[in-house]
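Residue-level listing of the chains:
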Amino acid sequence: MNKEFTAEKFWENLLILLIIAFISILGNLTGYDTGIMESIPGMLILLIVALIGVSLANIIPVNIPSVVYISLLGLLISMPASPISNVVIEYTSKIQMLPLATPVLAYSGISMGKNWAEFKKVGWKGILVACCVMFGTFIGSAIIAQIILKSQGII
């Protein structure tokens, strides 16, 4: 067992996941008109999968990110060979992607913002490169969308 994984770390991870789940349920309600009671079973499934994946990443002594464990576990329980796949797919399909991504990205931003010393090391050149990458990605996406929509006669 990884020496840094304690009961305190487990409860901290659970609290973070519960906050994200709560915000996601509210986002699902406001953005997609999916009722709270309708969202809870799917959100609980996602929460349990995420908690198990994060715990496995902390317990297993191999340095593999928790997202790998979460993805594999999600894949295993939702693939057709799984006896619970129909239930998992039925309930999780009521949870939209955007309400899930929003609190996760906000949490990531807050985590990065807490470490200003590391951010300062990037310097103005790193920030300039990041802005160019984001601008280039946006322009590239717009060009590809323009070409595809034009070729299909939509615009």
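Residues numbered from 1 in each chain as written. Predicted model: local features only at pLDDT ≥ 70, side-chain atom pairs only at ≥ 80, totals over all residues. Heavy atoms only, no water.

Quick notes on the overall build of the chain
For the chain, the helix and strand inventory stands at six helices and zero strands. Overall, the chain shows an N-to-C arrangement of helices and strands of α-α-α-α-α-α. Summarising its shape, the C-alpha atoms of the chain cover approximately 45 × 45 × 30 Å along the three principal directions. Carbon together with sulfur atoms contributes 74% to the accessible area of the chain, which is approximately 11100 Å² in total. (Helix = DSSP H or I, 4+ residues; strand = E, 2+ residues; numbered from the N terminus. Areas by Shrake-Rupley, 256 points an atom, 1.4 Å probe, with all protein chains shown as cover.)

Quick look at the packing of helix α1 (residues 7-32) against helix α2 (residues 36-59)
At their nearest, the axes of α1 and α2 sit 9 Å apart, and the two run at 150° to each other. Accordingly, the angle class assigned to the pair α1 and α2 is roughly antiparallel. At the point where α1 passes α2, the crossing takes the right-handed sense. Residues F10, N13, L14, L17, L18, A21, S24, I25, N28 and L29 of α1 form the contact with α2, whose own contacting residues are I36, S39, I40, M43, L47, A50, L51, V54, S55 and N58. Here the contact of α1 with α2 is composed, by residue class, of 14 nonpolar, six polar and no charged. (Axes fitted to C-alpha atoms, helices over the stretch in contact; angles between N-to-C directions. Parallel < 35°, antiparallel > 145°, perpendicular 65-115°, else oblique. Left-handed = near helix turned anticlockwise from the far one by under 90°. Contact = heavy atoms within 4.5 Å. Nonpolar A, V, L, I, M, F, W, Y, C, P; charged D, E, K, R; others polar.)

A closer look at α1
The end-to-end C-alpha distance of α1, which contains 26 residues, comes to 36 Å, matching closely the 38 Å that a straight helix rising 1.5 Å per residue would cover. If you check which residues of α1 are buried, you get N13, L14, L17, I20, A21, S24, I25 and N28. Positioned one or two residues after α1, D33 has a phi angle of 55°, which is positive. (Expected span 1.5 Å × (residues − 1). Buried < 20%, exposed > 50% of the residue type's maximum accessible area, 1.4 Å probe, protein only.)

Notes on the side chain of S39
Relative to the elements of secondary structure, S39 occurs in helix α2. Residue classification places S39 among the buried residues on the basis of a relative accessible area of 0%. In this structure S39 touches I25, N28, T34 and I95, once residues within four positions along its chain are discounted.

Considerations on the environment of F10
If you trace the backbone, F10 turns up in helix α1. On the basis of relative accessibility, which here comes to 26%, the residue F10 falls in the partly exposed class. Expressed as a C-alpha distance, the spacing of F10 and G136, which sit 126 residues apart in the sequence, is 40 Å. Non-local contacts of F10, meaning those with residues more than four positions away in its chain, are made with F5, L51 and S55.

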